[in-house]
Amino acid sequence: MRCVQLVPQCGMMEPISNTGENRMSLEQDIEKLAAQEQRLQLDRFDNAAAWELGTRIKAICEARGVAVTTEVRLAKETVFFYAMPGTT
């Protein structure tokens, strides 16, 4: 079984509270994540695909001026890792 874990974009998730507004936002976020999971099913995932995924994430974050650390794993092996300047 292959697993690809995606993290929501910055600011997408809001803190959980007892108000109906935040609850609806959380439910909408969960629906969006479920739709993304359905859309992002991969036919194959190997070292080459991991490298392409990691480098694309890096390029997108650089273009947006966002510093992130990206780790892509294949089974238990880290096959791509990059920590951008400004991350800890």
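Because the structure is predicted, anything quoted here is derived from the model rather than measured.

Analysis parameters
- Residues numbered from 1 in each chain as written.
- Predicted model: local features only at pLDDT ≥ 70, side-chain atom pairs only at ≥ 80, totals over all residues.
- Heavy atoms only, no water.
- Helix = DSSP H or I, 4+ residues; strand = E, 2+ residues; numbered from the N terminus.
- Buried < 20%, exposed > 50% of the residue type's maximum accessible area, 1.4 Å probe, protein only.
- Contact = heavy atoms within 4.5 Å.
- Areas by Shrake-Rupley, 256 points an atom, 1.4 Å probe, with all protein chains shown as cover.
- Salt bridge = Lys/Arg side-chain N within 4 Å of Asp/Glu carboxyl O.
- Pairing = 2+ DSSP bridges.
- pLDDT = per-residue confidence, 0-100.
- Phe/Tyr/Trp six-rings, centres within 6.5 Å; stacked < 30°, edge-to-face > 60°.
- Lys NZ or Arg CZ within 6 Å of the ring centre and 35° of its normal.

Trainee: Explanation requested: the overall build of the protein chain in the structure shown.
Mentor: When you go through the protein chain residue by residue, the secondary structure sums to two helices and two strands. Listing every helix and strand of the protein chain by position from the N terminus yields α-α-β-β. Burial statistics for the protein chain: of 88 residues in total, 16% are counted as buried. Long-range pairs, those at least 24 residues apart, make up 34% of the contacts in the protein chain with a sequence separation of at least 6. Approximately 7400 Å² of the protein chain is accessible, and the part contributed by carbon and sulfur atoms is 53%.

Trainee: Sorry if this is basic, but what is going on with the pattern of salt bridges here?
Mentor: A side chain with one charge can pair with a side chain of the opposite charge if their charged atoms come near. Tallying each qualifying case throughout the model produces four salt bridges. Of the charged contacts in the structure, one is a salt bridge between Arg56 and Glu52, with a shortest N-O distance of 2.7 Å. One end of the pair is Arg56 and the other is Glu52, both in helix α2 (residues 47-64) and four residues apart, which spans about a single turn. Glu71 serves as the salt-bridge partner of Arg73, at 3.2 Å between the closest nitrogen and oxygen.

Trainee: What's the story with the pairing of strand β1 (residues 69-74) in this structure? I'm lost.
Mentor: Regular strands place their side chains on alternate faces of the sheet. In the sheet, β1 pairs with strand β2 (residues 77-83) via six bridges, with the strands oriented antiparallel. Within the sheet, the bridge partner assigned to Leu74 lies in β2 and is Glu77. Connecting β1 to the antiparallel partner β2 that follows it, the hairpin turn spans two residues, and Ala75 within it adopts a positive phi of roughly 60°.

Trainee: Whenever I open this one, the confidence of the model for the protein chain confuses me. Can you help?
Mentor: The predicted coordinates of low-pLDDT regions are not to be read in fine detail. When pLDDT is averaged across the protein chain, the result is 80; 73% of the residues are at 70 or more. Ranking the elements of the protein chain by mean pLDDT puts helix α1 (residues 20-39) last, at 83, and β2 first, at 95. pLDDT under 50 marks residues 1-18. Its contacts with residues more than four places away, or in other chains, come to 19 contacts.

Trainee: Can you walk me through unusual backbone geometry in this structure?
Mentor: Both trends apply: most residues other than glycine have a negative phi, and most peptide bonds are in trans. With phi around 60°, Ala75 is a residue other than glycine that occupies positive phi space. Along the polypeptide, Ala75 turns up in the loop between β1 and β2.

Trainee: Can you walk me through the packing of aromatic side chains in this structure?
Mentor: The description of an aromatic ring pair uses the distance of the two centres, along with the angle that the planes make with each other. Tallying each qualifying case throughout the model produces one aromatic pair. Their ring planes at 75° and their centres at 5.3 Å tell us that Trp51 and Phe80 sit as a pair that is edge-to-face. Of this pair, Trp51 sits in helix α2 while Phe80 sits in strand β2; the two residues are 29 residues apart in sequence, bridging distant segments of the chain. Owing to a relative accessible area of 5%, Phe80 belongs among the buried residues under this scheme. Stacked on the ring of Tyr82, the Lys or Arg Lys58 has its end atom at 5.0 Å from the ring centre.

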